[in-house]
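# Residue-level structure breakdown
Each chain, letter by letter, is given below.
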Amino acid sequence: DGGITQSPKYLFRKEGQNVTLSCEQNLNHDAMYWYRQDPGQGLRLIYYSQIVNDFQKGDIAEGYSVSREKKESFPLTVTSAQKNPTAFYLCASSIDSGAKNSPLHFGNGTRLTVT
Amino acid sequence: AQSVAQPEDQVNVAEGNPLTVKCTYSVSGNPYLFWYVQYPNRGLQFLLKYITGDNLVKGSYGFEAEFNKSQTSFHLKKPSALVSDSALYFCAVRDVNSGYSTLTFGKGTMLLVSP
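Heads up: these notes are all about the structure in this document.

Cut-offs and rules
Residues numbered from 1 in each chain as written. Chains lettered and ligands numbered in written order. Predicted model: local features only at pLDDT ≥ 70, side-chain atom pairs only at ≥ 80, totals over all residues. Heavy atoms only, no water. Core = buried A, V, L, I, M, F, W, Y, C linked by side-chain atoms within 4.5 Å. Buried < 20%, exposed > 50% of the residue type's maximum accessible area, 1.4 Å probe, protein only. Helix = DSSP H or I, 4+ residues; strand = E, 2+ residues; numbered from the N terminus. Contact = heavy atoms within 4.5 Å. Buried area = accessible area lost by both parts, 1.4 Å probe. Salt bridge = Lys/Arg side-chain N within 4 Å of Asp/Glu carboxyl O. Polar contact = N/O pair within 3.5 Å; in protein donor to acceptor, adjacent residues only side chain to side chain. Nonpolar A, V, L, I, M, F, W, Y, C, P; charged D, E, K, R; others polar.

Below, the discussion takes up the nonpolar core. Formed by 27 residues in total, the largest nonpolar core has its most connected members in B:Trp35, B:Leu47, B:Leu48, B:Phe74, B:Leu76 and B:Tyr89. Counting only elements with at least two residues in this core, the list comes to β2 (10–14), β3 (19–21), β5 (31–38), β6 (44–50), β8 (64–68), β9 (73–78), β10 (87–95) and β12 (109–114) of chain B. Top element by residues in this core is β10(B). It accounts for four residues. When near neighbours in sequence (up to four residues on either side) are disregarded, B:Tyr89 contacts B:Gln6, B:Trp35, B:Tyr36, B:Val37, B:Leu47, B:Phe63, B:Leu76, B:Gly108, B:Thr109 and B:Leu111. Among the nonpolar cores identified, the runner-up in size contains 20 residues, and A:Ala31, A:Leu45, A:Ala92 and B:Tyr32 belong to it.

Given below as structure tokens:
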């Protein structure tokens, strides 16, 4: 059964620590995305990757980093430089970033709480 | 630049009544338009999309949406609401004519269907 797996579902960290959120897909999709969701603000794009070993900053990339060493995996690191890291993080993928009419497929998210 | 507006934070409707969730968009060229639904603590699920052709698009779970180019709108509709339709709904747009663009999401509309 193909899909996107995000782990863990809930994550708690102390302020000042870096934390990495996992995202794995077995859909054979080229493009992958990270969004942040905050109440009342919708989804905001953090980073996206159109192909392995390439990624681009989205609208709110400051304080985050990513890697795309494998087609299936697109981990997101929330660094201590991110001022307000507590949020719900969503990973998504699409068949081909150039196919503009292809919908995104989403994982079930990771809720990060930093205290 | 591309943007989406969902003017209602919340829509309340009684079970069995028709529902409408509003969405307006702005793109420099032609749009690809999408609707997604999100249940609590889950990722987004794709409902339907408008690419070209018929202005009335049918999607999953009995939902449909009407594309109106002159009003730059893409309202989501359902003839008879179910309590299980209660969820957060997102409209999204992508500019067909841009070199590359990611999806831009609205801030979401909470639909509450009362028994």
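A few words on the interface of chain A and chain B. The interface of chain A with chain B comprises 25 residues on the first partner and 25 residues on the second. Between chain A and chain B, a total of about 2,000 Å² is buried, with carbon and sulfur atoms accounting for 53% of that surface. Linking chain A with chain B are zero salt bridges, by the criterion used here. Along the contact surface separating chain A from chain B lie seven residue pairs in polar contact (both at pLDDT 80 or more). Looking at the side of chain A that touches chain B, the elements that each hand over two or more residues are β4 (31–38), β5 (42–51) and β9 (87–94) of chain A. Ranked by residues supplied to the side of chain A that touches chain B, first place goes to β5(A) with five residues. Residue composition of the side of chain A that touches chain B, grouped by class: twelve nonpolar, ten polar and three charged.

The subject of this paragraph is the environment of A:Gln37. Within the secondary structure, A:Gln37 sits in strand β4. Considered as a pair, A:Gln37 and A:Thr86 are 49 residues apart in the sequence and their alpha carbons are 9.9 Å apart. The residues contacting A:Gln37, other than those within four sequence positions of it, are A:Gly42, A:Leu43, A:Ala87, A:Phe88, A:Leu90, B:Gln38, B:Leu88 and B:Phe90. Of note is the side chain of A:Gln37, whose polar atom sits 2.8 Å from the side chain of B:Gln38.

Our focus in this paragraph is the pattern of salt bridges. Applying the stated rule across the entire model yields six salt bridges over all chains. Close ionic contact of A:Arg36 with A:Asp38 constitutes a salt bridge, the shortest N to O distance being 2.7 Å. Each member of the pair A:Arg36 and A:Asp38 is classed as buried. Here B:Lys77 makes a salt bridge to B:Glu66, at a shortest N to O gap of 3.3 Å. With B:Lys77 in strand β9 and B:Glu66 in strand β8, this pair connects stretches of sequence that are eleven residues apart. Classification of B:Glu66 by relative accessible area gives partly exposed; the value is 38%.

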